[in-house]
Amino acid sequence: MEVVLKDLTKIFPSRNKKSSEEVVAVNKVNITIPDGKLIGLLGPSGCGKSTTLYMISGLQKPSGGQIFFGEDDVTELSPEHRGVGLVFQNYALYPHLTVKQNILFPLQNLKGEDKLSKEEMLARAYEVAKLVQIDDLMNRKPSELSGGQQQRVAIARALVKMPRVLLLDEPLSNLDARLRLQTREEIRRIQKATKITTVFVTHDQEEALSISDYIVVMKLGVVQQIGKPQAVYDSPENLFVAKFLGTPPINVLNGRVQNETLYIGFDAVLKTPGVKDQDVYVGVRPEGFVLAEDGALTCKLNAVEVMGRDVSVVCTNEASVNPVIRAIINAENTIDEEKETVRFNLKANKTFIFNKETEERIFF
Amino acid sequence: MANSIVNSKTQWKAWLYLAPAIVLLLVFTVWPIINTVRMAFLENYSGLKAVGGMTFKFGIGNFLKVVQYQRFVNCLKNTIILCILTVPVSTILALLIAVCLNSIKFLGKALQTVFFLPYVTNSIAIGMVFAAMFNIVGSFYGTENEIVVTAGIVNNIIEFFGGEHINWINYGSTYAANIAVMAIYIIWNALPFKILILLGGLQSVNKQYYDAAKVDGTSRRRIFTRITVPLLSPMISYVVITGFIGGFKEYTSIVGIFGEKMGPANDAGRLNTMVGFIYDALAANNQGRASAAALILFGIILIVTLINLQVSKKRVHY
């Protein structure tokens, strides 16, 4: 089921009656989610990603704009008529019901033509339980399950009524690091198996990058960029997206373009054909540095951190916006820690320049 | 002992700090309980001395006497009837009111205060108001030689809908009418505490359960029976258990409506309860009988509470 959000807006009225300050949580969001894909809504807290998700679910009413599931305009429909499955951040499993009863719960709500016989319900419940691999836990109570198992039960409960769209609110945030890795693979596998269009919300970029078909980066209710994870990482459209994606984060430096050449301080580091003379922000991915004896950019060496596969070079440059510059180079490169300075060349495809005022990317 | 919390050398200090509480508890709680048991089994005891010409002796005579009293059986019957009538009804009503109050946004806080008012009002005062509502105060409880007046707001309402006046509590009123008044009064009086507890429980229920139910298209009725009630079951069980314990100790409410005669003028003591029986026995300087009745009451409450706990073990979730 293709999901289309058209100019979707959510305005929360001000809590204080005296001031008329409204909060625009989601501002004219336009997203088209292709059928059967997994979409990650990504952004820092307060960026409106959860609000967007809840508007898709129908639990929150949009202040403006429309939501389409395929051809149907569902903007005015209440949640139960939309055919969505929602997995809450803390799972919201009914504590007094067993796993089986929890999964059966949505089916028992069906009325009229959709009503199922007991056998059909059980068959469906066991089918989806098998899919998420909890069929041996059916008679347990949620309190007797681990976090990861509860998560699966929640997904099973959302899937059992065969929703048109599956929505996951921060699905991994309550799990520990190891389980998080496992579970995100699991979510990916389940999504691929069911081919249900899935939207999930996360503030963890790694999570979003690793399993999504597409990611949507949001900031203060406005969509910043939509695209395949690698494409967004490789070609951020503005400084915010560049800074938000990537660990360790991108290095930002003050720079200047003069005569189609990018200068950082007095070092001419890159050719930038077709760019007008101006002051810019320069973003360099940690892997965009190449160690070279005669490198274009000279930095003061602070420390060298060897982490097995990679070596991380921590250095400083007066032009840097952050306190330090962190470059990741291959461990095969040897670097003399005693040296005062270190010199790099910059990879053109890992270096981005942004307008100083608008912080929009300047392509070259 | 190195690992004990209180060093043995300074243990006396701990006892010293605890002493005020312990002394008070020993004098006013522990000793009276022990003494009640002792007196219940002490025959021929009346006001510190043996009944004229007889000697003290230990035995179950007090219990036998108490059980053989028609008055005691009557008190027991009244108490049980009132309990069975009022506890379930007031619990269900409180649950419904709490759910409604919880869903009202506008004026919700003000209404909560209104529903809590009976709790902070003297039950004798409320009883007198109820008495006035059910029968007019003019010839207060009525006597043989007066014409029985059946008025009051309740009778006015019945009249408005075309019914006949009912003699609720005055001279010559029926037992059923008396019990009905008592049940209504006790239920009304018991509501605020129950509403308070259940409302507190409701407000601590995670809203996401309701969101989840909404997404799944759960009907309101099913949300109530399958989600709200089970999630509230610990509070419901608490309210039922304390309700039964309170019900078995019913006394002031009856005084509030019928005065100390504990019944209509022509049949004093008709609505007497277990606690009333104990007070009467004490007033008649018969501490043995009072103690025996108190122990019987204790036994009944204990059994009912154990049954309640047993039921709630099966019914109360998580």
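This text goes with the structure placed above it.
Here's a quick rundown of the structure. Model, not experiment: these values are computed from the prediction.

### A closer look at the overall build of chain A
Across its full length, chain A holds nine helices and 21 strands. Taken over the C-alpha atoms alone, chain A extends approximately 75 × 50 × 40 Å along its principal axes. Counting only residues that meet the buried cut, chain A has 50% of its 364 residues in that class. A separation of at least 24 residues holds for 66% of the contacts in chain A among residues at least 6 apart in sequence. Summing over all exposed atoms, chain A offers an accessible surface of approximately 17,400 Å²; the carbon and sulfur share of this is 48%. Across chain A, the centroid of the 45 positively charged side chains sits 5 Å from that of the 47 negatively charged ones.

### What about the sheet that holds strand S1 (residues 3-12) of chain A?
All names here are of chain A. With antiparallel pairing, the four strands of this open sheet are ordered in space as S2-S1-S4-S5. Only two strands of the sheet have a single neighbouring strand rather than two, namely strand S2 (23-33) and strand S5 (72-73). Two elements, S1 and S2, share seven bridges in a ladder whose sense is antiparallel. Bridge pairing links leucine 5 to isoleucine 31 in S2. In this fold helix H1 (residues 49-57) packs onto S1, S2 and strand S4 (64-69), with an angle of close to 115° to the strand it touches most, S1.

### Comments concerning the packing of helix H4 (residues 108-116) of chain B against helix H7 (residues 175-203) of chain B
Residue and element names in this part refer to chain B. Put simply, H4 and H7 touch, their axes get as near as 8 Å, and they point 145° apart. Of the residues in H7, those touching H4 at Gln112, Phe115 and Phe116 are Pro192, Ile195, Leu196, Leu199 and Gln203. For the contact of H4 with H7, the per-class residue count stands at six nonpolar, two polar and no charged.

### Description of the packing of helix H5 (residues 147-159) of chain A against helix H6 (residues 177-194) of chain A
All names here are of chain A. Relative orientation of the contacting elements H5 and H6 amounts to 20°, with a least axis distance of 11 Å. Our classification of the angle between H5 and H6 gives roughly parallel. Helix-helix and strand crossings are classified by hand; for H5 and H6 the assignment is right-handed. Here H5 contributes Gly148, Gln151, Arg152, Ile155 and Leu159 to the contact with H6, which in turn contributes Leu179, Thr183, Glu186, Ile187, Ile190 and Thr194. Its residues assigned to classes, the contact of H5 with H6 comprises five nonpolar, four polar and two charged.

### Details of the sheet that holds strand S15 (residues 289-291) of chain A
All names here are of chain A. Judged by pairing direction, the sheet is antiparallel, and its five strands sit side by side in the order S15-S19-S16-S17-S18 without closing on themselves. Each having just a single partner strand, S15 and strand S18 (325-330) make up the two edges of the open sheet. The sheet shows a mean angle of 50° between the axes of neighbouring strands, direction not considered. Where strand S16 (residues 297-307) meets strand S19 (residues 341-346), four bridges bridge the pair, whose relative direction is antiparallel.

### With respect to empty space enclosed by the protein
Considering all chains together, one arrives at two cavities of 30 Å³ or more under this definition. By volume, the largest cavity amounts to about 60 Å³. Where the lining of the largest cavity is concerned, the elements lending two or more residues are strand S6 (84-87) and H5 of chain A together with helix H8 (207-215) of chain B. Sorting elements by how many residues they give to the lining of the largest cavity places H5(A) first, with three residues. Here the second largest cavity defines a volume of roughly 30 Å³. Residue lining of the second largest cavity: A:Ile155, A:Leu166, A:Leu168, A:Ile187, A:Ile190 and A:Gln191, and that is the complete set. Looking at the lining of the second largest cavity, the elements that each hand over two or more residues are strand S7 (165-169) and H6 of chain A. For the lining of the second largest cavity, a count of residues per class yields five nonpolar, one polar and no charged.

Rules and cut-offs
- Residues numbered from 1 in each chain as written.
- Chains lettered and ligands numbered in written order.
- Predicted model: local features only at pLDDT ≥ 70, side-chain atom pairs only at ≥ 80, totals over all residues.
- Heavy atoms only, no water.
- Helix = DSSP H or I, 4+ residues; strand = E, 2+ residues; numbered from the N terminus.
- Buried < 20%, exposed > 50% of the residue type's maximum accessible area, 1.4 Å probe, protein only.
- Contact = heavy atoms within 4.5 Å.
- Areas by Shrake-Rupley, 256 points an atom, 1.4 Å probe, with all protein chains shown as cover.
- Lys, Arg positive; Asp, Glu negative; His and termini not counted.
- Charge placed at Lys NZ, Arg CZ, Asp CG, Glu CD.
- Pairing = 2+ DSSP bridges.
- Axes fitted to C-alpha atoms, helices over the stretch in contact; angles between N-to-C directions.
- Nonpolar A, V, L, I, M, F, W, Y, C, P; charged D, E, K, R; others polar.
- Parallel < 35°, antiparallel > 145°, perpendicular 65-115°, else oblique.
- Left-handed = near helix turned anticlockwise from the far one by under 90°.
- 1 Å grid on protein atoms, 1.4 Å probe; cavity = no way out; pocket = protein on both sides within 12 Å on 5 of 7 lines; lining within 4 Å.
- Points joined across faces, edges and corners; volume = space filled by probe spheres on them.

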